[in-house]
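Survey of secondary and tertiary structure
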Amino acid sequence: MQEQRSQRPTPEQWEDVVIMLMEVQATLAASIDSGVVEDHDHHVLGLPSGLAGATPGGARIEAALHAVVAVRHLVQQAVHGTELPGTPILERAQRYLAISGGYVATTRETELHQRIGHHR
């Protein structure tokens, strides 16, 4: 039995993906800008939004924002072959994904310490 490969995405489908990622990015940024942290998230000191003088968002939302920005840059470069002025896209994506991973790790450690503290 031979597997069938799916059709290559059309330019319009790729554009839809980029638009969707931009909408997700805008929603995440609006959440951070509102200063409201969702019930299942919490602030972590040192988030870039806070360092930039804004009220930090929740750690999970900020991690998601940086991951989405990295994904959008990678998709745009892969599909269109474009490069943004300044830092190369792969370097930007690496930085955004590292920041996102840092939030996840920091949040996990913070929550682990909180759970341990509650059990003492």
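The preceding data block contains the structure.
A brief look at the structure comes next. (Residues numbered from 1 in each chain as written. Predicted model: local features only at pLDDT ≥ 70, side-chain atom pairs only at ≥ 80, totals over all residues. Heavy atoms only, no water.)

1. So, the nonpolar core
Inclusion rule: Buried Ala, Val, Leu, Ile, Met, Phe, Trp, Tyr and Cys residues form a nonpolar core when they are joined through side-chain atoms within 4.5 Å. Residue burial is assigned from relative accessible area. The probe radius is 1.4 Å, only protein chains are included, and a residue is buried under 20% of its type maximum, exposed over 50%, and partly exposed in between. Labels follow the DSSP assignment, with helices taken as runs of H or I lasting at least four residues and strands as runs of E lasting at least two, numbered in each case from the N terminus.
Val18, Leu21, Leu28, Ile32, Ile61, Leu65, Val68, Val69, Ala70, Val75, Ala93 and Tyr96 form the largest nonpolar core, which has twelve residues in total. Where this core is concerned, the elements lending two or more residues are α1 (11-34), α3 (59-80) and α4 (89-118). The biggest single contributor to this core is α3, with six residues.

2. Topic: the packing of α1 against α3
Which entries qualify depends on this criterion: Note on definitions: angles span 0 to 180 degrees between N-to-C directions of axes, and those axes are lines fitted to C-alpha atoms, for helices only across the stretch in contact. In this scheme, roughly parallel covers angles under 35 degrees and roughly antiparallel covers those over 145, while 65 to 115 is roughly perpendicular and the rest are oblique. Should the near helix be turned anticlockwise from the far one by less than a right angle, the crossing is termed left-handed; should it be turned clockwise, right-handed. Residues are treated as being in contact if the distance between any of their heavy atoms lies within 4.5 Å. Polarity classes work like this: nonpolar for Ala, Val, Leu, Ile, Met, Phe, Trp, Tyr, Cys and Pro, charged for Asp, Glu, Lys and Arg, and polar for all others, with Gly in that last group.
Close contact between α1 and α3 brings their axes to 9 Å; oriented N to C, the two are set at 160 degrees. By the angle between their axes, α1 is roughly antiparallel relative to α3. Every pair of crossing elements has a handedness; the one defined by α1 and α3 is left-handed. Of the residues in α3, those in contact with Trp14, Glu15, Val17, Val18, Leu21, Met22, Val24, Gln25, Leu28, Ala29, Ser31 and Ile32 of α1 are Ile61, Glu62, Ala64, Leu65, Val68, Val69, Val71, Arg72, Val75, Gln76, Val79 and His80. Classifying every residue of the contact of α1 with α3 by side-chain character gives 17 nonpolar, four polar and three charged.

3. Considerations on the pattern of salt bridges
Counted only if it meets this: Salt-bridge detection follows one rule: a side-chain nitrogen of Lys or Arg within 4 Å of a carboxyl oxygen of Asp or Glu.
Applying the stated rule across the entire model yields three salt bridges. Among the salt bridges present, the one from Asp41 reaches Arg60, with a minimum N-O distance of 3.4 Å. With Asp41 in the loop between α1 and α2 (48-51) and Arg60 in helix α3, this residue pair connects regions lying 19 residues apart in the sequence. Here Asp41 falls in the buried class, since its relative accessible area comes to 10%. Across the salt bridge formed by Arg60 and Glu111, the nearest N and O atoms sit 2.9 Å from each other.

4. Describing α3
Count 3.6 residues to each turn of an α-helix, and residues three or four apart come out pointing the same way. What counts here: Take the number of residues in a helix, subtract one, and multiply by 1.5 Å to get its expected span.
The first and last C-alpha atoms of α3 sit 32 Å apart over 22 residues, in line with the 32 Å expected at 1.5 Å per residue. Of the residues making up α3, those classed as buried are Ala59, Ile61, Glu62, Ala63, Leu65, His66, Val68, Val69, Ala70, Arg72, His73 and Val75. After α3 finishes, the residue Gly81 shows a positive phi value of roughly 70 degrees.

Geometry only, nothing functional implied.
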